[in-house]
Amino acid sequence: NLIRDNRIIYGGGSAEITCSLAISAAADKIQGVEQYAVRAFADALDAIPLALAENSGLSPIETLAQVKAAQSKDNNPNLGVDCNQRGTISMKDQFVFDPLISKQSQFLLANQVVKMILKIDDIIKQGKEQGQ
């Protein structure tokens, strides 16, 4: 992947946390029921750093709250989960990177899966409405 596109982003769940914070802020500006769907998407992004923390033997909720608060306070998108337990949540200082193309592919695939599930759900609802 790095041969096709050599751009990188900081890892350790920092990108997901940054996106989650931005999407939650955008949800505040949306009126009506749609804001709940947007917030659910932001919450779904938190699953990655929660899993990283849990798999590293850290308290998932406490770790996520700490990193989110630090990112918000410092406006620093390179803060993530300290999986290596080095005492810093800076992914820049720990040299933790993800290829940008991989992260883009993950987000696109996740959106495609959700759309497919929603389409299947619509088909099932239509079948029930028609008495099948």
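Residues numbered from 1 in each chain as written. Predicted model: local features only at pLDDT ≥ 70, side-chain atom pairs only at ≥ 80, totals over all residues. Heavy atoms only, no water.

Caption draft 1: Quick peek at the packing of aromatic side chains. Within this structure, the stated rule accounts for 1 aromatic pair. Geometrically, the ring pair formed by Tyr10 and Phe97 is tilted, given 5.6 Å between the ring centres and 35° between the ring planes. With Tyr10 in strand β1 (residues 8-10) and Phe97 in strand β2 (residues 97-99), this pair connects stretches of sequence that are 87 residues apart. A residue is classified by how much of its surface remains accessible, and Phe97, at 36% relative accessible area, is partly exposed. (Phe/Tyr/Trp six-rings, centres within 6.5 Å; stacked < 30°, edge-to-face > 60°. Helix = DSSP H or I, 4+ residues; strand = E, 2+ residues; numbered from the N terminus. Buried < 20%, exposed > 50% of the residue type's maximum accessible area, 1.4 Å probe, protein only.)

Caption draft 2: View of the packing of helix α1 (residues 14-27) against helix α2 (residues 34-45). α2 packs onto α1 with a crossing angle of 165° between their chain directions and a minimal axis gap of 8 Å. Taken together, the axes of α1 and α2 lie roughly antiparallel to each other. α1 and α2 meet at a crossing whose hand is left-handed. Across from Glu16, Cys19, Ser20, Ile23, Ser24 and Ala27 in α1, the residues of α2 making contact are Gln35, Val38, Arg39, Phe41, Ala42 and Leu45. For the contact of α1 with α2, the residue count by class is 7 nonpolar, 3 polar and 2 charged. (Axes fitted to C-alpha atoms, helices over the stretch in contact; angles between N-to-C directions. Parallel < 35°, antiparallel > 145°, perpendicular 65-115°, else oblique. Left-handed = near helix turned anticlockwise from the far one by under 90°. Contact = heavy atoms within 4.5 Å. Nonpolar A, V, L, I, M, F, W, Y, C, P; charged D, E, K, R; others polar.)

Caption draft 3: Summary view of α2. In a regular helix each residue adds 1.5 Å, so 12 residues correspond to 16 Å; α2 covers 17 Å between its end C-alpha atoms and thus fits that length. Those residues of α2 that sit buried are Gln35, Ala42 and Leu45. Axial view of α2: buried residues confined to an arc of 75°, hence all on one face. Opposite the buried face of α2, at more than 90 degrees from it, the exposed residues are Tyr36, Ala37 and Asp43. (Expected span 1.5 Å × (residues − 1). Arc of directions from axis to C-beta.)

Caption draft 4: Local environment of the layout of surface pockets. Considered as a void within the structure, the largest pocket measures approximately 200 Å³ in volume. Surrounding the largest pocket, Glu16, Phe41, Ala44, Leu45, Ala47, Ile48, Gln106, Phe107, Ala110, Asn111 and Val114 form its lining. Looking at the lining of the largest pocket, its residues break down into 8 nonpolar, 2 polar and 1 charged. (1 Å grid on protein atoms, 1.4 Å probe; cavity = no way out; pocket = protein on both sides within 12 Å on 5 of 7 lines; lining within 4 Å. Points joined across faces, edges and corners; volume = space filled by probe spheres on them.)

Caption draft 5: Broad picture of unusual backbone geometry. Backbone geometry places Asn75, a non-glycine residue, at a positive phi of 50°. Within the element layout of this structure, Asn75 appears in the loop between α4 (60-74) and α5 (91-94). Given a relative accessible area of 68%, Asn75 falls into the exposed group. Even without glycine at this site, Gln85 takes up a positive phi of about 50°. Tracing the chain through its elements places Gln85 in the loop between α4 and α5.

Caption draft 6: A look at the nonpolar core. In this structure, Ile17, Leu64, Val67, Ala70, Leu79 and Ile89 together form the largest nonpolar core, which totals 6 residues. At 3 residues, the largest contribution of residues to this core is made by α4. Apart from residues lying up to four places away in sequence, Val67 is in contact with Ile17, Leu79, Gly80, Val81 and Ile89. (Core = buried A, V, L, I, M, F, W, Y, C linked by side-chain atoms within 4.5 Å.)

Caption draft 7: Seen up close, a nonpolar patch on the surface. Nonpolar side chains collect at one region of the surface, where Leu109, Val113, Met116, Ile117, Ile120 and Ile124 lie side by side and expose about 550 Å² of accessible area between them. Structurally, the position occupied by Leu109 is in helix α6 (residues 100-129). (Patch = residues over 30% accessible without salt bridge, like charges linked within 9 Å, V, L, I, M, F, W, Y side chains within 5 Å. Areas by Shrake-Rupley, 256 points an atom, 1.4 Å probe, with all protein chains shown as cover. Salt bridge = Lys/Arg side-chain N within 4 Å of Asp/Glu carboxyl O.)

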